[in-house]
Every structure is written in structure tokens, then in C-alpha cells.
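Architecture at a glance
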Amino acid sequence: MAEPQFLVLGANPALQKTIFLPEFQPGEVNRASRVSYGFGGKGQNCSQALRQYTRDSCCVVEFLAGQAGEKIEKHLKSKGIAQAIVWCQGETRTATTLVSTDTTATYKETEIVDPSPPVSPANVNEFYDAISKLTANTTPTSCLGVAVMGSLPPDTPDDFYEACCQRVKEGVASNPNIPKTFVLLDGYRNVESLLLAGLVDLLKINFKELKKVMAWQNCEDIPELLVHLQPKHVDTLFEKFGLQGLAVTEGPRPAVLVSRCENTSAGGGLKRTVYTLPSMSVVNAIGCGDVVAAVTLSTHCSGMPLPIAFQHGLAAGCAACLTENPAQYDVAQAQQLVESVGAEPECGRE
């Protein structure tokens, strides 16, 4: 197995079926104009987007089961993505996306996700061991990027992600060949212990998910609109979680990054950057957030400051919206779109 520059925790993979409909009408017979088949799961989408954007090695640690799992294994292998697979009983889930090709439709995408097969305690321990081996033996050229992606299958411990990242931390401590790590979390379920342990550098979620995180952290002042989000609203999260950045998206609406100022004496140490996205005809937005996470992680680990890295990530996410299959995009087009993503930094302001 190649020594990974990026380690992706993709605990909940899926086969992906995308059904395109002229007009989606709930409660009626809907006849598809075409159907495409692919592969999903936030971790698997992220690993594909990483591999596509950079030729650096990437390894995804994943639970797989049955014939569906075998198809995912074969697909990722064909893309040059290393895998540390924990085989489980049952059958890996399928995610079915209904896409309306009507540009005036109120709901562009509707996603139906099958239940995942449960994992056993032995499966969980095997997952932990895979992470320990990978981090103990790898020699990344600069920064080991770690992506913690999405939900968990049934019977996974609540502190699963914390335990995974503790093993990354232990492996890095014992491996002098890793100069530094950067951990990105794209998820909000079963992550409280991970965040409170201070093991996450960048929390990347959407605005609805942020509201839920702020609610269970008893944040009193939650703005109604993302564009109104200020550092003062989330400084408690930075203090409790030890974050370097909080990246928040809201579909085609402006995105916001709150991050630490390079000059920490300015404005309490946090700054806000607001990003406006270009107007485009979206084909399929499923998986675009996973592309944003992947490219943000890749560019930041290569030395790009976080506010600029997120701008590149958003551009790649926009490019992914223009393709039929989830999390697929044209790298050249993504790079061309960077200048179309407006970025307004506001260091030290409320």
C-alpha cells in the first residue's frame, strides 16, 4: 500500500443511483428520463476528489459489506485510491438521488438513503488498528491531511471518531517522519467527544448543521442568516474545541469562514471571510460539499492559507455542481472558477 499524504475516514460508504426526472411529483408516477450509477458516501467522495485534484497518495479507511462493498472496492482501486477495508456482515447501503431536470423546480434534489449494515465490536477494533498502522508507517512529504467524513453505521460507539483521531495522534507522536497534521471534520452527528477533545483543526459543515452544533453547545445567540454569522457568535466553539477554522456553506448562498487571524492581537484573534458564489445552472449538487472539503484540505496542506484554500474548495464544489455524477468535476474548470468566487476578509471585526 502506498504511503498516504491524505488519510480519509469513510466509515459509511454507499453505492449511488441517480435518477433524472423531467419533473418530480410526490405521490404520482414519476418516469425517469435517464439513470446513472456510481459510488457515494462522504469519505469515498472526498477520497475521489482528493485523488482527482492532486496526484498525492490517498488512503480511505472504510467499512464494506457484500457485493455492493466489492463494487466500491473495485471502483476506488481503479481510481488509484488506496483502501484499508474492514469487511462486515450484510450489504453496504445504496443512496438513491432523484434529480429534477426542471430548472424551475422548488426541490432540485431529493435523496433516499438505505440503512447501513451494523458493525461489530471486532469490526470497530479492526478499523482502529488500520489507522494506527497507517499513521505509524507513513512518510508524507509535508503535512498529513486527515478528513473525518460524515455519519456512522449502526452499533458504532458514540466516541468512534474521537478514538480514531486519538490513534492518529498516537501514530504521529511515534513517527518522526510526519512533520505535522491537519484534521478536517465534515459532519455533526456523533462528533461531540471528538470536538471537545480538541482534535479537529477545521470544522466544515453547512448552516443547518452549524445551528444544531450551536444548540447542543448552548450558544444563545444564533443568527437567522449565515451572512450575519460573526466571530462573536462562534468564539465559544473556538474556545471549547480549539479550532483553527470554521467553514460554513449554505448551498448557492454566500459561504462564511471564521478563522484565526495571523496577527492574533487584532480583534480578539478571529476573522471572518465571506464568499459569494458564481451563478450557474446546477445539474446535480449531491456530493459537492465533499469536493469542497477535499480541495480545501489538499490546498491548505500544500501550504495555502486557510481563507484562500477554502476559496479554492468552493470553486471545485461549484465545478462539481455541473456534472451528473456526485462529487465528479473537471479540475481545470475548478481552477478557472476560483476568480469567480468572491472573497471578502474582515479581520478583527464583529
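Quick look at the structure, then. (Residues numbered from 1 in each chain as written. Predicted model: local features only at pLDDT ≥ 70, side-chain atom pairs only at ≥ 80, totals over all residues. Heavy atoms only, no water.)

What about the overall build of the protein chain?
Rule in force here: A helix here means a DSSP run of H or I that spans at least four residues, while a strand means a run of E at least two residues long, and both kinds are numbered starting from the N terminus. This radius of gyration counts C-alpha atoms alone. The globule rule is 2.2 Å times how many residues there are, raised to the power 0.38. Three labels apply to residues, based on accessible area from a 1.4 Å probe with only protein chains included: buried if under 20% of the type maximum, exposed if over 50%, partly exposed otherwise in between. Note on contacts: a residue pair is in contact if any heavy atoms of the two residues lie within 4.5 Å. Surface exposure here means Shrake-Rupley accessible area, sampled with a 1.4 Å probe, where a residue is shielded only by the protein chains that are shown. Residues scored as charged are limited to Lys and Arg (positive) and Asp and Glu (negative), so that His and the chain ends carry no count. Charge coordinates come from a single atom per side chain, which is NZ of Lys, CZ of Arg, CG of Asp or CD of Glu.
Helices and strands together make up the secondary structure of the protein chain, namely ten helices and 14 strands. At 20 Å, the protein chain has a C-alpha radius of gyration in line with the 20 Å of a compact globule built from 350 residues. Summarising its shape, the C-alpha atoms of the protein chain cover approximately 60 × 50 × 40 Å along the three principal directions. Relative to its full complement of 350 residues, the protein chain shows a buried share of 53%. Taking the intrachain contacts of the protein chain between residues at least 6 apart in sequence as the baseline, contacts between residues at least 24 apart amount to 68%. By element, 48% of the accessible surface of the protein chain is carried by carbon and sulfur atoms, the whole surface being about 15,400 Å². Computed over 28 positive and 37 negative side-chain charges, the separation of the two mean positions in the protein chain equals 3 Å.

Quick word on the pairing of strand 9 (residues 180-186)
Stated formally: Being paired, for any two strands, means DSSP has found at least two bridges between them. Call a crossover right-handed when, viewed with both strands pointing away from you, the route from the first strand across the helix to the second goes clockwise.
Among the seven residues of strand 9, five are classified as buried, and the element is accordingly described as predominantly covered. Pairing geometry for strand 8 (residues 143-149) and strand 9, over seven bridges, is parallel. Bridge pairing in strand 9 links Val148 to Leu185. For the handedness criterion, the β-α-β arrangement of strand 8, helix 4 (residues 160-173) and strand 9 is classed as right-handed. Taken together, the two bridges between strand 9 and strand 10 (residues 202-206) define a ladder with parallel strand orientation. Its bridge partner lying in strand 10, Leu184 is registered against Leu202.

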